[in-house]
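An overview of the molecular structure
Chain by chain, the residues run as shown.
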Amino acid sequence: MKSAFKMLNLYVFLFAGLLSFTSCQNTMKKDESKDMAEDQNKDKFDKNNEKNAQLMVDLVSNQYYEIHLAQYAQQKSTNSEIKSLATMMVDDHTAMLNQLKSLAAQKTISIPNEDSTDVNNKTHDWNNDKPNDFNKAWTNEMIDNHKDAVNKMQGAIDDNDTDIDLKNILTNGITKVRMHLDSLNVCHDKLDKMKS
């Protein structure tokens, strides 16, 4: 009996180690995807074109981040307004991601093929949140991320060195990102009023 119990503990220990190793491998692959794209672009382009390539890498990474956090909210939130916002974001950011992927292929720019570990870290932080706490945390995160996105996109639009095709995607996309931000702020205010 003791021997069987020891064997069971050994199997559990080995299985946990294997899961941990696999998780580390997945984390490394995701980080490596962005790093690899950046390294490949450094080798391919001069300074100005490398700047445009880096902007593409950052924009693609951000689209993955937004899409995955919105998908997570679709599953976790019980708030109909957040679910609706999340659905809109998945649709809009997927459309922008597809445009960026297409442009990257045309310009031979290397881009990440998956999201970074930031998504997994963020969703892990939210796993045990109560519904209202999650709604507030998710809204805050999305507001911050959309503010950063608007600033980065507007900066690129205003920069004379930004590739004209990329500038066109950003000019069309920034309207939707601003609309997301406005909707998120309205939702945030409603959540604040519900608490008081």
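One can find the structure itself at the top, above this paragraph.
Residues numbered from 1 in each chain as written. Predicted model: local features only at pLDDT ≥ 70, side-chain atom pairs only at ≥ 80, totals over all residues. Heavy atoms only, no water.

1. Considerations on the packing of helix H3 (residues 80–107) against helix H5 (residues 131–158)
Across the interface, H3 lies against H5 with an axial gap of 13 Å and an inter-helix angle of 30 degrees. On the basis of their axis angle, the class for H3 and H5 is roughly parallel. For the element pair H3 and H5, the recorded crossing hand is left-handed. Residue-level contacts link Ile82, Ala86, Met89, His93 and Met96 of H3 to Asn135, Trp138, Thr139, Met142, His146 and Met153 of H5. (Axes fitted to C-alpha atoms, helices over the stretch in contact; angles between N-to-C directions. Helix = DSSP H or I, 4+ residues; strand = E, 2+ residues; numbered from the N terminus. Parallel < 35°, antiparallel > 145°, perpendicular 65-115°, else oblique. Left-handed = near helix turned anticlockwise from the far one by under 90°. Contact = heavy atoms within 4.5 Å.)

2. With respect to the pattern of salt bridges
Under the counting rule described, the total for this entry stands at eight salt bridges. Among the ionic pairs, Glu81 bridges to Lys190, the shortest N-O distance being 3.3 Å. Pair noted here: Glu81 is in helix H3 and Lys190 is in helix H6 (residues 164–195), with a separation of 109 residues, a long-range link. Taking the relative accessible area as the measure of exposure, Lys190 reaches 42% and is therefore partly exposed. Among the charged side chains, a salt-bridge network with shared partners connects Lys107, Asp163 and Asp165. (Salt bridge = Lys/Arg side-chain N within 4 Å of Asp/Glu carboxyl O. Buried < 20%, exposed > 50% of the residue type's maximum accessible area, 1.4 Å probe, protein only.)

3. Digging into the nonpolar core
Membership of the largest hydrophobic core comes to 23 residues, with the highest contact counts inside it found for Met56, Leu59, Leu100, Met153, Leu166 and Leu170. Sorting the residues of this core by element identifies helix H2 (47–76), H3, H5 and H6 as the ones contributing at least two each. Per-element tally for this core: the top contributor is H2, with seven residues. What Leu100 contacts, discounting residues up to four positions off in sequence, is Met56, Leu59, Val60, Gln63, Leu166 and Ile169. Among the nonpolar cores identified, the runner-up in size contains 20 residues, and Ala70, Trp126, Phe134 and Cys187 belong to it. (Core = buried A, V, L, I, M, F, W, Y, C linked by side-chain atoms within 4.5 Å.)

4. Observations concerning the environment of Asp163
Its place among the elements puts Asp163 in the loop between H5 and H6. Sequence separation of Asp163 and Lys51 is 112 residues, and the distance between their C-alpha atoms is 9.6 Å. Apart from residues no more than four positions distant in its own chain, Asp163 is found in contact with Asn52, Leu103 and Lys107. From its side chain, Asp163 meets the backbone nitrogen of Asp165 in a polar contact 3.0 Å long. Within polar-contact distance, the side chain of Asp163 engages the backbone nitrogen of Leu166 at 3.0 Å. (Polar contact = N/O pair within 3.5 Å; in protein donor to acceptor, adjacent residues only side chain to side chain.)

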